[in-house]
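Examining the three-dimensional arrangement
The lines below spell out each chain.
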Amino acid sequence: MKNVLLIIGLSLVTVAAFGQKKAVKDAMRLAKDAKPNYNEARALIKGALDNPETKGDAETWFSAGEIEDAQFTAENTKAMLGQQPNEPVMYDALANSLPYYLEAYKLDQLPDAKGKVKPRYQKKIQGTLGANHIYYLNGGAYYFDKQDYPKACNFFEQYLEISDYPAFKDLQFAQRDSNYMIVQFYLAVASTQLDNKDVAIKNLVRAKDTPYRQHDVYQYLCYEYLTNGDTATYEKTLEEGMKVFPDSSYYLLNLIALYLGSDREEKAVQYLNTAIAQDPNNSDLYQALGSVYEQRKELDKAEANFIKSLDLAPESPVALTNVGRIYYNQAVNKLGDANLITDQALYTKEKDAAMDMFKKALPYFKKAFDIKPDDPERDVLVALRGIYYNLNMSKEFDEIDALMNK
């Protein structure tokens, strides 16, 4: 009786396995039929993929890939014939096919019961992936244009996965050519649109040494580190970018801003002097250096740099205001000191010196105002009102005061 039961049990296993193998054949038939039914084919193959008796067979996974490829090919053929394909269906089938093919490829390399490796599907898979490889780039571009960045990333990643697959490294379609570099770049860019900075940084780091829009990649990477709060790596990347792109001011100016914002003025001065050596006619650099010296109370150096900035941009309201502010602040300080002096002669001398400074500041603020009379800067108005008040220019004071009140 036990032997009978055992035989019956073995027969059931054999029947179950046979049933799933038949399902694989039926699924392929449905997909390749003149009037294919891809959904029914998928339902059949899913049972075989889940069944312990067939899920370890390369044929099962290869067939699953073929079903997806059949639908992709059907839609892609429409496009080649000038007809309108269903692009989401086409690209979804393409995306679905790769995991099946790669699993089939892996199982196809396993030794048989005699320990021999006799791949059945290797060349077919290589041929299909070689023919379809470029369409993974196209799929990524399609979803990138649709601003569906998760799907765009998936296609770009699949393109790179095929190129990076160890077994394909010597095949022509898997070479790391210009398309590979383009895909790396757009995968990195698409990743920055995901809500996952770690993924964005990983893909940007991967692309940063590729000679395709490398400058853009470095700038994206700097931005991701900065907004992620990783100022140490942000600074390191800026310094690296400055070496890779010595002619770009982006890295230098952002380093300067970083140093100014973190109270490292000596570093800021050092890099500003480097920037000025590279671009001696840049008015903004002298403004920035003058501001550093002004913060450090080194007014002679601040004045010299502000005047140089103004020489290069004589119609700049900012440059005019910077020079005027140096003199205006000195005037205010001198007047404050004078008010503390009890000796009349010394008081008069110090007050006259303050008035001279107000007079020295006046033309700079006046010109800054005249350049933008319809939209003057409030700092310019405040300075002019103070100057007119202290120089007893009552008419001009009333005009500016009325303008400020308005």
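For the structure given in this document, a descriptive report is provided here. On a predicted model such as this, the values are computed, not experimentally measured, just so you know.

**Notes on the overall build of the protein**
- Tallying secondary structure elements over the protein gives 18 helices and 0 strands in all.
- Across its three principal directions, the C-alpha atoms of the protein cover 130 × 45 × 45 Å.
- Taken across its 406 residues, the protein has 41% of its residues classed as buried.
- Within the protein, contacts between residues at least 6 apart in sequence are counted, and of these 52% link residues at least 24 apart.
- Accessible area of the protein: about 22400 Å², with a carbon and sulfur share of 52%.

**Details of the pattern of salt bridges**
- Evaluated as defined, the whole model comprises 26 salt bridges.
- One salt bridge connects Glu103 with Lys106, and the closest N-O pair in it is separated by 3.3 Å. Residue Glu103 and its partner Lys106 are both found in helix 4 (residues 87-108); the two are separated by 3 residues, about one turn of the helix.
- A cluster of three or more residues bridged by salt bridges with shared partners is formed by Glu265, Glu266, Arg296, Glu298 and Lys301.

**Observations regarding the nonpolar core**
- Grouped together as the largest cluster of nonpolar side chains are 113 residues, with contacts concentrated most on Leu129 and Phe168.
- Apart from residues no more than four positions distant in its own chain, Phe168 is found in contact with Leu102, Tyr105, Gln126, Leu129, Ile162, Phe173 and Ala174.

**Points about empty space enclosed by the protein**
- On inspection of all chains with the given rule, the structure shows 1 cavity of 30 Å³ or more.
- Here the largest cavity defines a volume of roughly 30 Å³.
- The wall of the largest cavity is formed by Pro317, Thr321, Ala368, Phe369, Lys372, Pro376, Glu377 and Val380.
- Among the elements of the structure, helix 15 (317-338) and helix 16 (344-371) are those that each provide at least two residues to the lining of the largest cavity.
- The residue makeup of the lining of the largest cavity, split by class, is 5 nonpolar, 1 polar and 2 charged.

**Digging into the packing of aromatic side chains**
- According to the stated counting rule, one finds 26 aromatic pairs in the structure shown.
- Where Trp61 meets Tyr100, the ring centres are 6.0 Å apart and the plane angle is 50 degrees; that geometry is what we call tilted. Here Tyr100 lies in helix 4 and Trp61 lies in helix 3 (residues 58-80), a separation of 39 residues in the sequence.
- Its relative accessible area of 19% is what places Trp61 among the buried residues.
- Given a relative accessible area of 22%, Tyr100 falls into the partly exposed group.
- Relative to Phe173, the ring of Phe168 lies with its centre 5.6 Å away and its plane at 55 degrees, an arrangement referred to as tilted. Summarising the burial analysis for this pair, Phe168 and Phe173 share the class buried.
- Counting every residue linked through ring pairs, the aromatic cluster contains Tyr91, Tyr136, Tyr142, Tyr143 and Phe155.

**Observations concerning the environment of Arg325**
- Tracing the backbone shows Arg325 in helix 15.
- A sequence separation of 22 residues divides Arg325 from Glu303, and the C-alpha atoms of the two residues are 9.5 Å apart.

**Quick notes on the packing of helix 4 against helix 6 (residues 149-164)**
- Following both chains from N to C, one finds helix 4 and helix 6 inclined at 40 degrees, their axes separated by 11 Å at the closest point. It follows from the interaxial angle that helix 4 and helix 6 lie oblique. With respect to the hand of their crossing, helix 4 and helix 6 are arranged in left-handed fashion. Along the contact surface, helix 4 presents Tyr91, Asp92, Leu94, Ala95, Leu98, Pro99 and Leu102, while helix 6 presents Lys151, Asn154, Phe155, Gln158, Glu161 and Ile162.

**Focus on the packing of helix 15 against helix 17 (residues 378-390)**
- With their axes 11 Å apart at the nearest point, helix 15 and helix 17 run at an angle of 45 degrees to one another. Regarding the angle of helix 15 to helix 17, the classification is oblique. Like other packed secondary-structure pairs, helix 15 and helix 17 cross with a definite hand, here left-handed. Where helix 15 approaches helix 17, its residues Thr321, Tyr328 and Leu335 are matched on the opposing element by Val380, Val382, Ala383, Gly386, Ile387 and Asn390.
- For the contact of helix 15 with helix 17, a count of residues per class yields 6 nonpolar, 3 polar and no charged.

**With respect to the environment of Leu171**
- Among the structural elements, Leu171 can be located in the loop between helix 6 and helix 7 (178-191).
- For Leu171, a relative accessible area of 25% gives the class partly exposed.
- On a C-alpha basis, the gap between Leu171 and Ser291 in space is 59 Å, while along the polypeptide they are 120 residues apart.

Procedures and definitions
- Along each chain, numbering runs from 1 in the same order as the chain's sequence is written.
- Side-chain atom pairs in this predicted model are given and counted only at pLDDT of 80 or more, local residue features only at pLDDT of at least 70, and totals for whole chains, interfaces and linings cover all residues.
- No hydrogens and no water enter the side-chain calculation; it runs on all heavy atoms of the structure.
- Strands are runs of DSSP state E lasting at least 2 residues, helices are runs of H or I lasting at least 4, and numbering of each runs from the N terminus.
- Using a 1.4 Å probe on the protein chains alone, a residue whose accessible area is under 20% of its type maximum counts as buried, one over 50% counts as exposed, and one in between counts as partly exposed.
- Two residues form a contact once any of their heavy atoms are found within 4.5 Å.
- Areas reported as accessible are Shrake-Rupley estimates using a 1.4 Å probe. Residue values count occlusion only from the protein chains shown.
- Salt bridges are counted wherever a side-chain nitrogen of Lys or Arg sits within 4 Å of a carboxyl oxygen of Asp or Glu.
- For the purposes of this section, nonpolar cores are sets of buried Ala, Val, Leu, Ile, Met, Phe, Trp, Tyr and Cys residues that join through side-chain atoms within 4.5 Å.
- Two kinds of site are reported from a 1 Å grid over the protein atoms alone, namely cavities, where a 1.4 Å probe fits but cannot get out, and pockets, open sets with protein on both sides within 12 Å along at least five of seven lines, and residues are called lining when an atom falls within 4 Å of a point.
- Grid points are joined across faces, edges and corners, and a volume is the space filled by probe spheres set on the points.
- Residues are grouped as follows: Ala, Val, Leu, Ile, Met, Phe, Trp, Tyr, Cys and Pro are nonpolar; Asp, Glu, Lys and Arg are charged; every other residue, Gly included, is polar.
- Pairs were defined over the aromatic rings of Phe, Tyr and Trp, the Trp ring being its six-membered one, requiring ring centres within 6.5 Å. Orientation was assigned from the angle between planes: stacked under 30 degrees, edge-to-face over 60, tilted for the rest.
- Between N-to-C directions, angles cover 0 to 180 degrees, with each direction set by a line fitted to C-alpha atoms, over the stretch in contact for helices.
- Roughly parallel here means an angle under 35 degrees, roughly antiparallel means over 145, roughly perpendicular means 65 to 115, and every remaining angle is called oblique.
- In a left-handed crossing the near helix is turned counterclockwise from the far helix by less than a right angle, and in a right-handed crossing that turn is clockwise.

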